[in-house]
Amino acid sequence: MLKDYEKIKIQAGRGGNGVVSFRREKYVPKGGPDGGDGGDGGDIYIVVQENLDTLYEFSHKKLFKADNGENGKSKKMHGANGKNLDIRVPPGTIIYKNSKLFADLTKLGDKKLIAKGGKGGLGNTKFSTSTNRTPRQSTPGKDGESAELTLELKFIADVGLIGLPNSGKSTLISVISNAKPKIADYLFTTIEPNLAAVDHKKKRFIVADIPGLIEGSSGGKGLGDKFLKHTQRTKILVHLISSESQNPKRDYTIIRNELSSFDKTLTTKDEIVVISKSELLKRAGKINLRPDLSISSVTHHNINRLLDLIVKKLSEE
Ligand SMILES: Nc1nc2c(ncn2[C@@H]2O[C@H](COP(=O)(O)OP(=O)(O)OP(=O)(O)O)[C@@H](O)[C@H]2O)c(=O)[nH]1
Ligand SMILES: [Mg+2]
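Fair warning: this is a prediction, and the values are worked out from it, not measured in the lab.

Participant: Looking at this model, I keep getting lost on the sheet that holds strand S10 (residues 194-200). Mind explaining?
Facilitator: Within a sheet, each strand pairs with its neighbour through backbone hydrogen bonds, oriented either parallel or antiparallel. On the basis of which strands lie adjacent, the open sheet formed by six strands has the order S10-S11-S9-S12-S13-S14 and mixed pairing. Edge positions in the sheet fall to S10 and strand S14 (293-294), since each of these pairs with one other strand and no more. Examined bridge by bridge, strand S12 (residues 236-242) and strand S13 (residues 270-276) share seven bridges and lie parallel to one another. Looking at S13, one finds that Val-238 is bridged to Ile-272. Together, strand S9 (159-163), S12 and S13 form the strand contacts of helix H3 (residues 248-262), whose direction differs from that of S12 by roughly 145 degrees.

Participant: Can you walk me through the sheet that holds strand S2 (residues 44-48) in this structure?
Facilitator: The mixed open sheet is built from three strands, whose spatial order is S4-S2-S7. Looking at strand neighbours, the two that pair on one side only are strand S4 (85-89) and strand S7 (111-115), the edges of this open sheet. In this sheet, neighbouring strand axes are inclined to one another by 30 degrees on average, regardless of whether the strands run parallel or antiparallel. Pairing analysis gives four bridges linking S2 to S7, with the strands arranged antiparallel. Counterpart to Ile-46 in the pairing with S7 is Lys-112.

Participant: So what exactly am I meant to see when it comes to unusual backbone geometry here?
Facilitator: Most peptide bonds adopt trans geometry, and most residues besides glycine take a negative phi value. In the Ramachandran plot, Ser-99 falls in the positive-phi region, its phi being about 70 degrees despite a non-glycine side chain. Within the secondary structure, Ser-99 sits in the loop between strand S5 (93-97) and strand S6 (100-105). Residue classification places Ser-99 among the exposed residues on the basis of a relative accessible area of 64%.

Participant: Looking at this structure, how should I read the pattern of salt bridges?
Facilitator: A pair can form between side chains of opposite charge whenever their charged atoms are brought close. A full pass over the atoms with the stated rule returns 19 salt bridges. One salt bridge connects Arg-250 with Glu-215, and the closest N-O pair in it is separated by 3.0 Å. Pair noted here: Arg-250 is in helix H3 and Glu-215 is in the loop between strand S11 (203-209) and S12, with a separation of 35 residues, a long-range link. Judged by relative accessible area, Arg-250 falls into the partly exposed class, the value being 42%. Across the salt bridge formed by Asp-270 and Lys-313, the nearest N and O atoms sit 3.4 Å from each other. Taken together, the positions of Asp-270 in strand S13 and Lys-313 in helix H5 (residues 303-316) put the pair 43 residues apart, joining distant regions of the chain.

Participant: Hey, could you run me through the packing of aromatic side chains in this one?
Facilitator: Think of a pair of aromatic rings as described by two things: how far the centres are apart, and how the planes are tilted against each other in angle. Tallied over the full model, the rule gives one aromatic pair. Each ring, one from Phe-58 and one from Phe-64, has its centre 5.6 Å from the other, and the planes form 50 degrees; the classification is tilted. For Phe-58, a relative accessible area of 1% corresponds to the buried category. The ring of Tyr-45 carries the charged tip of Lys-111 above its face, separated from the ring centre by 4.8 Å. A cation over an aromatic ring shows up here: Lys-226 above the ring of Phe-227, its NZ or CZ 4.9 Å from the ring centre.

About the cut-offs
Residues numbered from 1 in each chain as written. Chains lettered and ligands numbered in written order. Predicted model: local features only at pLDDT ≥ 70, side-chain atom pairs only at ≥ 80, totals over all residues. Heavy atoms only, no water. Pairing = 2+ DSSP bridges. Helix = DSSP H or I, 4+ residues; strand = E, 2+ residues; numbered from the N terminus. Contact = heavy atoms within 4.5 Å. Axes fitted to C-alpha atoms, helices over the stretch in contact; angles between N-to-C directions. Buried < 20%, exposed > 50% of the residue type's maximum accessible area, 1.4 Å probe, protein only. Salt bridge = Lys/Arg side-chain N within 4 Å of Asp/Glu carboxyl O. Phe/Tyr/Trp six-rings, centres within 6.5 Å; stacked < 30°, edge-to-face > 60°. Lys NZ or Arg CZ within 6 Å of the ring centre and 35° of its normal.

By themselves, these are just geometric observations and shouldn't be taken as functional.
Laid out in structure tokens, this is it:
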């Protein structure tokens, strides 16, 4: 299962305690205070990393803690600070902290402090005054910040590949990228969205295969429309309609209606309308839809033209 929505808990490190201690040296019976401060608790950061396109890790690990600071020591020694913790998420992760939108991280390397570690406490050295040279006071470290996070992943892809089941989306991906998706002559072969990187004429773009759209998806039919959120950030849509269809225009309208029910702005995205399996066209006869292009993933007819068109449109965005 694609993991694109998870809840976790985070706990930044607690500060170490300050300590009460007095110098002990030969021939100095009453040494002054020498208790050191506690170290600060570790902070927690959210970091965007490459090669992650799911929130899978967060489906089984639910609690993330940064290290506590060490307590202070005698000889005015400061306790060590707790180590910070980086929580690594894929590009396109939206983070809610205690149910409030905290950040929408889209770029590799983006890094944000999400929970501050507690301050270390003060050792008794800090309480020494002219009137009190033997303070027995120190303060405890402070708790680190804790929070509940909701992580929601919306893929960052350039192109959303949409179309009814069996329209040839996965086959197209297998022809234009190194991805090896499952391909078969039945509906819902692909059950979750996949990302594939396509290199064409020194340009690279990311395509997301959005499976499972059928009439009624927005009402929960089939796989439902939950995967459509992964098209929201794409720059363009490539809409495949099989030449084998009895009624290509109807196929086209079904998908457009589903897009519109999910999110009206999806229908304003730049779209390339493609008739797939074009080498079967002769048999299928005339079709009632004017596509931008007809392609065949089997004979490779117009595949390069499709890629050219995608690159051109992406450069116009
Ligand atoms: N003749 C011909 N068949 C094709 C072509 N492209 C795909 N097919 C066939 O069409 C069927 C469906 O292809 P898929 O790529 O699995 O279709 P899909 O859109 O990914 O389908 P789902 O994963 O179910 O949504 C398979 O049997 C493919 O071999 C093509 O260009 N020509
Ligand atoms: Mg498929």
